Amino acid sequence: MKIVDVKAMTLKGYKDWNYVKVETDEGISGIGEAHPGEGISDAVVKRLKPLIVGKDPRNVEPLYTHMIDRTIGQSSGGIMVGAIGGVETALWDVAGKAIGVPVYQLLGGKYRDRLRVYADVGRGRNRTNTPEAWAERAKEGVADGFQSIKFDIDGSANELQHDPVDRGLSLAELDKMEALVAAVREAIGYEIDLCIDCHGKYNVRDVILLAQRLEKFQLMFLEDPVPPENIEAMGKVTASTSIPICTGEWVHRRDGFRRLIETQACDMLHIDISSTGGILEGKKIADLADLYYMPAAFHNIVSPLGMVASAHAAAAVRNLHAIELPYHADQVDWRWELVDSGEPLIQEGEFVLPQGPGLGVSFNEDLAREHLKEGYSFF
Ligand SMILES: [Mg+2]
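Residues numbered from 1 in each chain as written. Predicted model: local features only at pLDDT ≥ 70, side-chain atom pairs only at ≥ 80, totals over all residues. Heavy atoms only, no water.

### Topic: the pairing of strand 11 (residues 320–325)
Look at any regular strand and the pattern is simple: side chains alternate between the two faces of the sheet. Rule in force here: For each residue, the accessible area found with a 1.4 Å probe, counting protein chains only, is set against the maximum for its type, and the residue is called buried under 20%, exposed over 50%, and partly exposed in between. A run of H or I in DSSP becomes a helix once it reaches four residues, and a run of E becomes a strand once it reaches two; helices and strands are each numbered from the N terminus. For two strands to pair, DSSP has to find at least two bridges joining them. For a crossover, the right-handed case is the one in which the path from the first strand over the helix to the second runs clockwise, viewed with the strands pointing away from the viewer.
By the criterion of burial, strand 11 is predominantly enclosed, with six of the six residues buried. Relative to strand 11, strand 4 (residues 114–122) runs parallel, the two sharing three bridges. The partner of Tyr-118 across the bridge, within strand 11, is Glu-324. Here strand 10 (residues 296–298) runs beside strand 11; their pairing, made up of two bridges, is parallel. Paired with Ala-296 across the bridge in strand 11 is Leu-320. In this view, the connection linking strand 10 to its parallel neighbour strand 11 by way of helix 12 (residues 304–315) has right-handed handedness.

Right under this line is the structure:
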């Protein structure tokens, strides 16, 4: 079996959603989702396609290694590794279909059929940041069956900040943030798990003050309290609070995660297979974390196809914490119709792992054509 073509297209979804199609000389094709954003589809077609056409798509890891090695200097992160993740996912889809097994089987098998999900609700509706709006939005997520929800606390009190870029938190901001989280807990109680994301916006000292104020709300995790690049700073925050600290959605490849895990600078990882190198790279990172008895959550800002790929990796690791559902993309009401596994992917607030060959889903090409980004053509 040989790869004869590699195609890319971009849909206008919640973000610019990027898809990769790998075609073979035996009529089997595979589809994957790369990281969202501009520039990815160009990287797939102009840089990566010439590296793998003519090769056997079932050699997924060697092809991944080849793509990383031949784009050296650009593949330690960013657009290139985001593009490689999409191609890698499509290769797994081909390999699974060619052999007649689901991708998770090729990864060593599944620990679970249903995956715990946390719904990222973002903020109040229309990005409103009042206690009432946050409480209302939390109740919507719970009403939809989700047992864990997440809010973005950065940017929730900008009107009270001393300076837009200094990484600091004023006392007035801290007061408002505490009130927002209190309102959510008041609305949903303590049976529902609650996560808070800071998007790496704060300095060590001020985010420790925030964590101290939020400890009483028994969070599932506090995410990216500081940027992930300085692991000593991350470690200082982690050591300061009883709230589990989660980071990793902007960290790339095993190399990027290694010292974060080895020094245990966080309590749990956040692995985004679409930005960190793909399905197998994500599993390897989770396995490395498990050597330190550290849980791994799987971050998603992709469409349901990318979530399916993420679920195959997540099902095949022992130390899964939960996978993220970008619930705040709910204004893109057509997104769940993009893929079909034969049953709803979300049931009782859990993600149901597809069981068919490859990724185990069909891709709705007609729907994709309706939502192409301007200037992009179909595969
Ligand atoms: Mg995040």
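### Regarding the coordination of the magnesium ion
As a reminder, the rule being used: The donor set comprises N, O and S atoms within 2.8 Å of the metal, extended to 3.2 Å for Na, K and Ca; water molecules are omitted, so apparent gaps in a site may simply reflect that omission.
Surrounding the magnesium ion are the protein donor atoms Asp-197 (OD), Glu-223 (OE) and Glu-249 (OE), which sit 1.9 to 2.1 Å from the metal. When the donor residues of the magnesium ion are listed from N- to C-terminus, their spacing reads D-x25-E-x25-E. One end of the pair, Glu-223, is in strand 7 (residues 221–223); the other, Glu-249, is in the loop between strand 8 (245–247) and helix 9 (253–262), with 26 residues separating them in the sequence. For Glu-249, a relative accessible area of 10% corresponds to the buried category.

### Observations regarding the packing of helix 3 (residues 78–99) against helix 11 (residues 279–290)
We count it as follows: A fitted line through C-alpha atoms represents every axis, and for helices the fit uses only the stretch in contact; the resulting angles, taken between N-to-C directions, go from 0 to 180 degrees. Each angle is binned into one of four classes, with values under 35 degrees roughly parallel, values over 145 roughly antiparallel, values of 65 to 115 roughly perpendicular, and all other values oblique. The criterion used for residue contact is that any of the two residues' heavy atoms lie within 4.5 Å. Under the grouping applied here, Gly and all other residues not named as nonpolar or charged are polar, the nonpolar ones being Ala, Val, Leu, Ile, Met, Phe, Trp, Tyr, Cys and Pro and the charged ones Asp, Glu, Lys and Arg.
Closest axis-to-axis distance for the helix 3/helix 11 pair is 8 Å, and the angle between their directions is 100 degrees. By the criterion of interaxial angle, the relationship of helix 3 to helix 11 is roughly perpendicular. Contacts between helix 3 and helix 11 involve Glu-88, Thr-89 and Trp-92 from the first element and Ile-279, Leu-280 and Glu-281 from the second. Along the lines of polarity and charge, the residues of the contact of helix 3 with helix 11 split into three nonpolar, one polar and two charged.

### Things to note about the packing of aromatic side chains
The line we're drawing: Side-chain rings of Phe, Tyr and Trp (the six-membered ring for Trp) are treated as a pair once their centres are within 6.5 Å; stacked means planes under 30 degrees apart, edge-to-face means over 60, and tilted covers the remaining angles.
All told, the structure shown has six aromatic pairs when counted by the stated rule. Taking 5.9 Å as the distance between ring centres and 75 degrees as the angle between the ring planes, the aromatic pair formed by Trp-17 and Trp-334 counts as edge-to-face. Remark: Trp-334 occurs in the loop between strand 11 and strand 12 (339–340) and Trp-17 occurs in strand 2 (residues 16–24); sequence separation between them is 317 residues. Of the two residues examined, Trp-17 and Trp-334, each falls in the buried class. The interplanar angle of 50 degrees and the centroid separation of 5.3 Å between the aromatic rings of Tyr-19 and Phe-363 together place this pair among those described as tilted. Note that Tyr-19 is positioned in strand 2 and Phe-363 in strand 15 (residues 362–363), a separation of 344 residues in sequence.

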